[in-house]
Amino acid sequence: MNALLVDDDVQYCEFFLECLKGICCELEMEVVCESCQDVGWVLKNRTGYDIYFLDIEMEGINGIELAVEIRRRKASCEIFFVSFHESYVFDTFSIGVGGFIRKQTLKPDLHKALQFIMRRELKERFTVQIQMTSGESLKVKPVELLYCKSEEHYVQFYWKDERREMHRVKLSAVEKVLKEYDFLRVHERYLVNRGYIQELRRNKLYMANGEEIPISRSLKKKIQMILFDLKEQ
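Scoring rules and cut-offs
Residues numbered from 1 in each chain as written. Predicted model: local features only at pLDDT ≥ 70, side-chain atom pairs only at ≥ 80, totals over all residues. Heavy atoms only, no water. Phe/Tyr/Trp six-rings, centres within 6.5 Å; stacked < 30°, edge-to-face > 60°. Helix = DSSP H or I, 4+ residues; strand = E, 2+ residues; numbered from the N terminus. Buried < 20%, exposed > 50% of the residue type's maximum accessible area, 1.4 Å probe, protein only. Core = buried A, V, L, I, M, F, W, Y, C linked by side-chain atoms within 4.5 Å. Contact = heavy atoms within 4.5 Å. Disulfide = S-S within 2.5 Å. Pairing = 2+ DSSP bridges. Axes fitted to C-alpha atoms, helices over the stretch in contact; angles between N-to-C directions. Expected span 1.5 Å × (residues − 1). Arc of directions from axis to C-beta. Polar contact = N/O pair within 3.5 Å; in protein donor to acceptor, adjacent residues only side chain to side chain.

**Things to note about the packing of aromatic side chains**
Each aromatic ring pair is characterised by the separation of its centres together with the angle its planes make.
Then, number 1: Summed over the entire model, instances satisfying the criterion amount to ten aromatic pairs.
Then, number 2: Centroid distance Tyr 12 to Phe 15: 6.0 Å. Interplanar angle 65°. Geometry classified as edge-to-face. Residue Tyr 12 and its partner Phe 15 are both found in helix 1 (residues 10-27); the two are separated by three residues, about one turn of the helix.
Then, number 3: By relative accessible area, which is 9% here, Tyr 12 ends up buried.
Then, number 4: For the pair Tyr 147 and Tyr 190, a centre-to-centre distance of 6.3 Å together with 45° between the ring planes defines the contact as tilted. Taken together, the residues span a long stretch of sequence, with Tyr 147 in strand 8 (residues 145-151) and Tyr 190 in strand 12 (residues 190-193) at a distance of 43 residues. Across this residue pair, the class does not change: Tyr 147 and Tyr 190 are buried.

Pasting the structure below:
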């Protein structure tokens, strides 16, 4: 995989790259990472990278704005914010951000970020079975499922290819299977695929298919922390 660190602090870039190299060796993971201080160059680059690590505080366009533009051009890449200031986590949740790396705790946070990428790559290969109320099983490839919505005794499945399927099953039973595949219970009626969350704004999630999903106020802070990987799930 190819990665790019965008940070205007040259010395920190060197430190970051050394840490990344060591963690990749530990995890037996192949990541070739470059660094860049020129946001303009990033915007002009048409080839793109598999992973982006973006400092939030930069002159001109900030990391959050840059993340939105990168995601618009390359939907399949992984994006992580990097900053000394944890308070930025709650300002904006941009398109498909994998997590938040704190500069003051770089090594453990970077380790988590790389493990997250490894888990996601591995899970994309799997198909799971969900037991229906009737006793039959539904085969599901988690990476192709956007979210699930409970409707009385049924669950509506919303797929990436815009299919919808209704099955008689409890949402709790679906959650039990899919929570290991980065699905989050954000409301008593909704279970969503973390990988397709486009934005978190107030008490709503905006999904990759343009739909809005309500989140419980009592769960909002917990969801924010999980999305930015600031604590264990």
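This is not the end of the story, as more comes after the structure.
**Details of the nonpolar core**
Then, number 1: Core analysis: the biggest nonpolar cluster contains 24 residues, and Phe 16, Leu 20, Phe 53, Phe 80, Ile 101, Leu 110 and Leu 114 have the highest contact counts within it.
Then, number 2: Among the elements of the structure, strand 1 (2-6), helix 1, strand 3 (51-55), strand 4 (78-83) and helix 4 (106-123) are those that each provide at least two residues to this core.
Then, number 3: A per-element tally of this core places helix 1 first, with eight residues.
Then, number 4: Beyond its immediate chain neighbours, meaning those up to four positions away, Leu 110 contacts Phe 16, Cys 19, Leu 20, Ile 23, Phe 53 and Ile 101.
Then, number 5: Membership of the second largest hydrophobic core comes to 19 residues, among which are Tyr 52, Leu 54, Ile 56 and Leu 66.

**Quick word on the state of the cysteines**
Then, number 1: According to the stated counting rule, one finds zero disulfides in the structure shown.
Then, number 2: Cys 33 supplies the cysteine sulfur nearest to Cys 77, a cysteine that is in no disulfide, at a spacing of 13 Å.

**Some words on the sheet that holds strand 3**
Then, number 1: Within the open sheet, the five strands sit side by side as 2-1-3-4-5. Their pairing is parallel. Each edge of the sheet is formed by a strand with only one pairing partner; in this case those strands are strand 2 (32-36) and strand 5 (97-102). Shown here is a sheet whose adjacent strand axes are inclined to one another by a mean of 20°, direction ignored.
Then, number 2: Here strand 1 runs beside strand 3; their pairing, made up of four bridges, is parallel. Each residue of the ladder has a partner; that of Leu 5, found in strand 3, is Phe 53.
Then, number 3: This element, helix 1, spans strand 1, strand 2, strand 3 and strand 4 of the sheet and lies at about 170° to strand 2.

**Description of helix 1**
Then, number 1: The terminal C-alpha atoms of helix 1, which comprises 18 residues, lie 26 Å apart, in line with the 26 Å expected from a rise of 1.5 Å per residue.
Then, number 2: Taken residue by residue, helix 1 has Tyr 12, Cys 13, Phe 16, Cys 19, Leu 20, Ile 23, Cys 24 and Leu 27 as its buried positions. All buried residues of helix 1 lie within an arc of 135° about the axis, which places them on one face of the element. Within helix 1, the exposed residues directed more than 90 degrees away from the buried face are Gln 11, Glu 14, Glu 18, Lys 21 and Cys 25.
Then, number 3: Looking at the buried positions of helix 1, the neighbouring elements they touch are strand 1, strand 2, strand 3, strand 4 and helix 4.
Then, number 4: For helix 1, the side-chain oxygen to backbone nitrogen distance between the N-cap and Gln 11 is 3.1 Å, and the N-cap itself is Asp 9.
Then, number 5: Phi turns positive, to about 55°, at Glu 28, one or two residues after helix 1.

**A word on helix 5 (residues 171-178)**
Then, number 1: Among the residues of helix 5, those classed as buried are Leu 171, Val 174 and Leu 178. For helix 5, the buried positions fall inside an angular range of 60° around the axis, keeping them on one side.
Then, number 2: Those residues of helix 5 hidden inside the fold are in contact with strand 6 (128-131), strand 8, strand 9 (154-159), strand 11 (183-187) and strand 12.

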